[in-house]
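# Working through the structure, step by step
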Amino acid sequence: MPITPTKFAITTRQSANWDDAKRRVFALYRRWLRSTPEMQSMYSLPLPISVIRTRIRQEFERNRFVNKLPVVDVLLTKGHADYQETMNFWRQTTHMMSYFNEESFRGANRLPSSFIDGFLQGRN
């Protein structure tokens, strides 16, 4: 399957008002959610689709209370760029798994922070 770099590209533009920004945010959110099954199969993520969708929602909820229109436009541009990179398979599986530290197959606390901690835990 050939990759077309401009297939998922969106031109950068400013929102005219808050209603326009809200519509654009919901459209981007829907694009991410609809492509979740494809992302799971492309990157061979060992996570159910519901976990991936929950993480996407958390990323959008993190910026929910931004109250400046230019900041929302920048976040939209970054969101579109991330979507394009993800869907064009320009990321590695490790990049995708970095969003899921809690569910990661390696875990964030895979190694002890110091020698003494590892020694007391019984690690070699």
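Residues numbered from 1 in each chain as written. Predicted model: local features only at pLDDT ≥ 70, side-chain atom pairs only at ≥ 80, totals over all residues. Heavy atoms only, no water.

### Digging into the overall build of the chain
Quick reminder of the rule: Helix and strand definitions follow DSSP, with helices as H or I runs of at least four residues and strands as E runs of at least two, each counted in order from the N terminus. The buried label applies to any residue whose accessible area, calculated with a 1.4 Å probe on protein chains only, is under 20% of its type's maximum; exposed applies above 50%, and partly exposed to all values in between. We call two residues in contact when some of their heavy atoms are within 4.5 Å. Using a 1.4 Å probe, accessible areas were evaluated by the Shrake-Rupley method; residue-level cover was limited to the displayed protein chains.
Each helix and strand counted, the chain has six helices and zero strands in total. Along the chain, helices (α) and strands (β) appear in the sequence α-α-α-α-α-α when read from the amino end. Counting every position in the chain, which comprises 124 residues, the buried fraction comes to 28%. Taking contacts inside the chain between residues at least 6 apart in sequence as the whole, the part at least 24 apart equals 65%. If you sum the accessible surface of the chain, you get close to 9000 Å²; carbon and sulfur atoms cover 55% of it.

### Things to note about helix H2 (residues 36-43)
Short version of the rule: By construction, the arc corresponds to the directions joining the helix axis to the C-beta atoms.
Where H2 is concerned, the buried positions are Thr-36, Met-39, Met-42 and Tyr-43. Each buried residue of H2 lies within a common arc of 125° when the element is viewed along its axis, so the set occupies one face. In this fold, the buried residues of H2 make contact with helix H1 (18-34), helix H3 (49-62), helix H4 (69-87) and helix H5 (93-97). Ser-44 lies just past H2 and shows a positive phi near 50°.

### Re the pattern of salt bridges
Stated formally: Salt bridges are defined as contacts in which a side-chain nitrogen from Lys or Arg sits within 4 Å of a carboxyl oxygen from Asp or Glu.
Under the defined criterion, the tally for this structure stands at nine salt bridges. Of the charged contacts, one joins Asp-20 and Arg-13 as a salt bridge, the two residues approaching to 3.1 Å between their closest N and O atoms. A relative accessible area of 11% places Asp-20 in the buried class. The exposure class assigned to Arg-13 is partly exposed, which follows from its relative accessible area of 35%.

### Comments concerning the nonpolar core
Selection criterion: The nonpolar core is taken to be a set of buried Ala, Val, Leu, Ile, Met, Phe, Trp, Tyr and Cys residues, with the residues joined through side-chain atoms within 4.5 Å.
One finds Trp-32, Met-39, Leu-45, Ile-52 and Ile-56 to be the most contacted residues of the largest nonpolar core, which totals 21 residues. The set of elements that each furnish at least two residues to this core consists of H1, H2, H3, H4 and H5. Look past the residues within four positions of Ile-56 in its chain and what remains in contact with it is Tyr-29, Trp-32, Leu-33, Thr-36 and Met-39.

### So, the packing of aromatic side chains
In plain terms, the rule: Here is the rule: rings of Phe, Tyr and Trp (six-membered ring for Trp) pair when centre to centre is within 6.5 Å. Planes less than 30 degrees apart are stacked, more than 60 are edge-to-face, and the remainder are tilted.
The full count for this structure, using the stated rule, is three aromatic pairs. Each ring, one from Trp-32 and one from Tyr-83, has its centre 5.4 Å from the other, and the planes form 75°; the classification is edge-to-face. Taken together, the residues Trp-32 in helix H1 and Tyr-83 in helix H4 connect sequence positions 51 residues apart. Residue Tyr-83 is classed as buried on the basis of its relative accessible area, which comes to 6%.

### Digging into the packing of H1 against H2
What counts is decided by this rule: Axis definition: a line fitted to C-alpha atoms, over the contacting stretch in the case of helices. Angles run 0 to 180 degrees between N-to-C directions. Oblique is the label for any angle not under 35 degrees, not over 145, and not in the 65 to 115 range, which are roughly parallel, roughly antiparallel and roughly perpendicular in turn. By the convention adopted, Pro, Cys, Tyr, Trp, Phe, Met, Ile, Leu, Val and Ala count as nonpolar, Lys, Arg, Asp and Glu as charged, and the other residues, Gly among them, as polar.
Here H1 crosses H2 at 45°, and the two axes come no closer than 4 Å. By the angle between their axes, H1 is oblique relative to H2. Across the interface between the two elements, Trp-32, Leu-33 and Arg-34 of H1 pack against Thr-36, Pro-37 and Met-39 of H2. When grouped by side-chain class, the residues that make up the contact of H1 with H2 number four nonpolar, one polar and one charged.

Remember that the coordinates give geometry; whether it matters functionally is a separate question.
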